[in-house]
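Here is how the chains run, residue by residue.
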Amino acid sequence: MKKYKIAVIPGDGIGPEVIGETIKILERSGEKFGFSFEWQKYPYGAGHYLATGEVMPEDAMEEMSKCDAMLLGAIGDPRVKPGILEQGILLAFRFRFDQYVNLRPAFSLPKVHTPVDLKGVKMDSVVVRENTEDLYMCIGGTTETGELELPVDVSRGKYELKGMVSLKTDPGYPFAAQAAINSRPGVERITRYACELAKKRGEDTVTVVSKSNAVSALYGFFEENAKRVMAEEYPGLKYAMVNVDALCYHLVRNPAAYGVLLCPNLFGDIISDLQAGLAGGLGTAAGGNIGDGLSMFEPVHGSAPDIAGTGRSNPVAAILSGALMLEHLGEQEASKAINCAVSDFLENAAENELPFEFGGAAAFDRVGERIRKYI
Ligand code: NAD
Ligand code: IPM
Ligand code: MN
């Protein structure tokens, strides 16, 4: 029997709540479809950091690299300065394992109330977010004196970036600077992924999300390279471009208007939360961080400290991320069974059996238990 070794980082806030339910459902799907799991659990996150001062040790990353996939809840805690854990753990995984695709589908779920009337049309869209570059190079700093010297030594899957950013205001005012990079191989590979996905979904268009009218170098480059790859390698697909501000407007008026949205890193982060909100809540939104090596599956949402420990977390996004993981591992039937179980649960649930986020009164573990019965 096939056994998958999965690195699990439940993380902070509602992370352990939603990952606990996901693991139970994945176990059930394994029993049903003839495979099993070895869960390799890691304690990293706020609790571990506050107790030990350690963020993410290198030897643990090395050990994780031998797993078949990773499952992560959420990272981030109000007791810790923003960025320390998010960059030291979550972004560290994305960069270290070169998970250059952040795949974030958004679709209508049965009976889930959406804030915009879809007039019977189903939302079925997917954000393909570049996941290693853009404003996420972690090259930045602040100065009090007006002089900033930033030594750059950054490693990404396909290259090393070295050098020095040297800036000075006259007169010397305090300022902050952060550098963004989009590389040609970086844009090319994410464009190819988006195009393959559009073909698989039977769609004829890939829409690039841009902002070249204001940020010309960075996003003009992204557009040009995506357009060229599509013209040269995917002549059957139509290239479309929308500026990110207009996209927000169009999405709110017609959430079902788009299929594959190819986004630079920062826009993809923002648009995927908007899509989640339009589909019925962050608790619906699954995600995968996919690369040629170890891939990591996690919901779009964060650690939701405002509801952690209250039972109000919706585990559906994490459970659907588990289904994405199974699809990635080649367990298509089991993955489909989890998606169907979520739909069947929603179709058949009485109002008070739904998660709080969908207007119900069922805690995360009751929701998980009911979904499990439909596998
Ligand atoms: P968030 O996604 O945690 O929460 C935003 C809002 O959505 C909150 O009101 C929350 O209660 C609600 N929400 C989120 N997930 C939910 C779920 N499953 N069920 C019901 N309601 C849900 O975003 P935030 O408040 O900006 O961030 C909180 C912390 O999480 C921060 O430390 C942030 O850096 C971190 N974060 C981590 C990730 C990640 O690990 N992938 C993603 C986003 C934010
Ligand atoms: C996400 C999160 C992360 C991101 C943060 C926590 C670093 O918002 O996964 O969407 O910006 O990518
Ligand atoms: Mn985000």
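Here, every reference points to the structure presented above.
Below: a short report on this structure. None of the values given here were measured: they were computed from a predicted structure.

**With respect to the layout of surface pockets**
Computed from the structure, the largest pocket encloses a volume of approximately 770 Å³. Lining of the largest pocket is provided by 25 residues; of these, Leu103, Leu197, Lys200, Leu324 and Glu327 occupy positions nearest its centre. For the lining of the largest pocket, the secondary structure elements donating two or more residues are β4 (101-107), β5 (124-130), α5 (184-200), α9 (316-329) and α10 (332-348). Ranked by residue count, the leading element in the lining of the largest pocket is α9, at 5 residues.

**So, the packing of helix α1 (residues 15-33) against α9**
Running from N to C, α1 and α9 point in directions that differ by 45°, and their axes come no closer than 8 Å. The angle between α1 and α9 falls in the class oblique. The crossing of α1 and α9 is right-handed. Residues Val18, Thr22, Ile25, Leu26 and Ser29 of α1 lie in contact with α9, whose contacting residues are Ala318, Ile319, Gly322, Met325 and Leu326.

**Thoughts on the pairing of strand β8 (residues 159-168)**
Within a regular strand, the side chains alternate between the two sheet faces. The pairing of strand β7 (residues 147-156) with β8 spans 10 bridges and is antiparallel. Across the sheet, Asp153 pairs through a bridge with Lys162, a residue of β8. Taking the residues that link successive antiparallel strands as the turn, the β7-β8 hairpin has 2 residues.

Rules and cut-offs
Residues numbered from 1 in each chain as written. Chains lettered and ligands numbered in written order. Predicted model: local features only at pLDDT ≥ 70, side-chain atom pairs only at ≥ 80, totals over all residues. Heavy atoms only, no water. 1 Å grid on protein atoms, 1.4 Å probe; cavity = no way out; pocket = protein on both sides within 12 Å on 5 of 7 lines; lining within 4 Å. Points joined across faces, edges and corners; volume = space filled by probe spheres on them. Helix = DSSP H or I, 4+ residues; strand = E, 2+ residues; numbered from the N terminus. Axes fitted to C-alpha atoms, helices over the stretch in contact; angles between N-to-C directions. Parallel < 35°, antiparallel > 145°, perpendicular 65-115°, else oblique. Left-handed = near helix turned anticlockwise from the far one by under 90°. Contact = heavy atoms within 4.5 Å. Pairing = 2+ DSSP bridges.

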